[in-house]
Amino acid sequence: MKSLLISLILAISLWADAHIFVYHRFGDNRHPSTSTTVSELKREFAYFKKNGYEVIPLEKLLQALKNGENIPQNWVVLTIDDNFKSFYENGLEVFKSYNYPFSLFVYVEATQKKYPDYLSWKQLKEIKKYGTLEFHSYSHPHMTYLSDKELKNDFEKGLKIFEKKLGFKPKCFSYPYGEYNERVKKIAESFGFDAIINQNMGAVGKNSDIYDLDRNALVGKTNIKYLLKSKHLNAKWIEPNSYPKDGVLKALHVETNESAKKGSYYISGEGWKRVKIKNGVIEEKLNKKLKKGRNRVIISIRNKISTKLLIKDKKWN
């Protein structure tokens, strides 16, 4: 009986949450805030390998989500934003040496107009032998500051050039700067992507929204062990849902199915604070003046995380 119980616990522990990570530059000392050194990249990959993590293609994770399957906790997906030359010059060989798949999200205008720091179409085609190429917008704008018409024009122009130059339609999209709100998300969804990926700290579980998948940034020296401990919190955000017009965050109201009595919440510029949970519900009066145009509100219960991004919107700003 004891051995059966242990086996059951071990089996359950295998089904938890996957993690998506995003890189930008590699070994580029000019931009340390968005660059990962080659030695750090090798250290992270060695950690994955030593600790039994399986680096899988993004498509494999998406298929499991579509099928409603349980997600193994040792799954890791690696993505790269912004098609910088430094990936081709410094990072690609490390990926190849570990035989790790990846998805690279293409900033179309940078390649089309031959910006100096970015990959050519020829190099992107070569990279496709080892990973997938996805869409990261035409002009890399701050999307919440564009009108609906401007947003649609950016998607349409970028997708047309992407398909013409590479010969296929991208299946996935990631937001430039990780910035979006419900209006931007709705327009992005209208272009028929299989998945949309943000840049919020967290994990991907069975109940994750396939059009709002959390993705952790890996830049500089990152505590990879800490990030891999996070799990997806299945949460319904009642308030806030968008950036308040007066800039004041009046309350926090989030519904979960968690049994814990206490948790924590984080507001950009305010830090972490403890909060009581009653029947899975968090309700807290705040009246906090938001200090930035871009803010994150994060709920944490045990090691489960849910994030709401609050960004000013051009529609009323």
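Our subject is the structure listed above.
Bear in mind the structure is a predicted one, so any value in this text is a computation, not a measurement.

1. Quick notes on the sheet that holds strand β14 (residues 262–267)
In step 1: Taken in spatial order, the five strands line up as β11-β18-β17-β14-β15 in an open sheet, and their pairing is mixed. One side of each edge strand has no neighbouring strand; the edge strands of this open sheet are β11 (231–232) and β15 (271–276).
In step 2: Of the strand pairs in this sheet, β11 and strand β18 (residues 304–311) are connected by two bridges, and their pairing is parallel. Residue pairing in the sheet places His232 in a bridge with Ile305 of β18.

2. Observations regarding the pattern of salt bridges
In step 1: For the coordinates displayed, the defined rule picks out 20 salt bridges.
In step 2: A salt bridge links Asp28 to Arg25; the nearest nitrogen and oxygen atoms lie 3.5 Å apart. Per residue, the accessibility class of Asp28 equals that of Arg25, and both read buried.
In step 3: Ionic contacts of the salt-bridge type, sharing partners, join the residues Arg25, Asp28, Arg30 and Asp117 into one network.

3. Focus: the packing of aromatic side chains
In step 1: A complete count under the given rule lists 31 aromatic pairs for this structure.
In step 2: Aromatic pair Phe135 and Phe193: ring centres 6.2 Å apart, planes at 15°, arrangement stacked. Taken together, the residues span a long stretch of sequence, with Phe135 in strand β7 (residues 132–135) and Phe193 in the loop between α8 (182–189) and β9 (195–197) at a distance of 58 residues. The burial state of Phe135 is the same as that of Phe193; both residues are buried.
In step 3: The structure contains a cluster of three or more aromatic residues connected by ring pairs, namely Phe21, Tyr23, Phe26, Phe45, Tyr47, Phe48, Tyr53, Phe87, Phe95, Tyr98, Tyr100 and Phe102.
In step 4: Stacked on the ring of Phe168, the Lys or Arg Lys128 has its end atom at 5.0 Å from the ring centre.
In step 5: Seen from the ring of Phe105, Arg215 lies directly overhead, with NZ or CZ sitting 5.6 Å from the centre.

4. Looking at the sheet that holds strand β12 (residues 235–239)
In step 1: Read from one edge to the other, the open sheet built from three strands follows the order β12-β13-β16, with strand pairing classed as antiparallel. Single-partner strands in this sheet number two, and they are β12 and β16 (281–289). For this sheet, the mean inter-axis angle between neighbouring strands, taken without regard to orientation, is 20°.
In step 2: Sheet analysis places strand β13 (residues 248–256) next to β16, joined by seven bridges and oriented antiparallel.

5. Details of the nonpolar core
In step 1: Phe48, Leu78 and Phe95 are the most contacted members of the largest nonpolar core, which has 48 residues in total.
In step 2: Element by element, the count of residues in this core is highest for helix α7 (residues 148–166), at six residues.

6. A short note on the pairing of strand β5 (residues 75–81)
In step 1: In terms of residue burial, β5 counts as a mostly covered element, since seven of its seven residues are buried.
In step 2: Because side chains alternate across β5, one face comprises the buried residues Trp75, Val77, Thr79 and Asp81, and the other comprises Val76, Leu78 and Ile80, equally buried.
In step 3: Relative to β5, strand β1 (residues 19–23) is paired through five bridges, and the arrangement is parallel. Looking at the pairing, Tyr23 lines up with Ile80 of β5.
In step 4: One ladder, built from two bridges, connects strand β4 (residues 54–55) with β5; its direction is parallel. By the bridge assignment for β5, Val55 is matched with Val76.
In step 5: In terms of strand pairing, β5 meets strand β6 (residues 103–106) through three bridges, oriented parallel. Across the sheet, Asp81 pairs through a bridge with Phe105, a residue of β6.

7. Structural notes on a positive patch on the surface
In step 1: A cluster of like positive charges, contributed by Lys114, Lys125, Lys160, Lys164 and Lys165, occupies part of the molecular surface.
In step 2: In terms of residues, the positive patch owes the most to one element, α7, which gives three residues.
In step 3: Within the secondary structure, Lys165 is located in helix α7.
In step 4: With a relative accessible area of 31%, Lys165 lands in the partly exposed category.

About the thresholds
- Residues numbered from 1 in each chain as written.
- Predicted model: local features only at pLDDT ≥ 70, side-chain atom pairs only at ≥ 80, totals over all residues.
- Heavy atoms only, no water.
- Pairing = 2+ DSSP bridges.
- Helix = DSSP H or I, 4+ residues; strand = E, 2+ residues; numbered from the N terminus.
- Salt bridge = Lys/Arg side-chain N within 4 Å of Asp/Glu carboxyl O.
- Buried < 20%, exposed > 50% of the residue type's maximum accessible area, 1.4 Å probe, protein only.
- Phe/Tyr/Trp six-rings, centres within 6.5 Å; stacked < 30°, edge-to-face > 60°.
- Lys NZ or Arg CZ within 6 Å of the ring centre and 35° of its normal.
- Axes fitted to C-alpha atoms, helices over the stretch in contact; angles between N-to-C directions.
- Core = buried A, V, L, I, M, F, W, Y, C linked by side-chain atoms within 4.5 Å.
- Patch = residues over 30% accessible without salt bridge, like charges linked within 9 Å, V, L, I, M, F, W, Y side chains within 5 Å.
- Areas by Shrake-Rupley, 256 points an atom, 1.4 Å probe, with all protein chains shown as cover.
- Lys, Arg positive; Asp, Glu negative; His and termini not counted.
- Charge placed at Lys NZ, Arg CZ, Asp CG, Glu CD.

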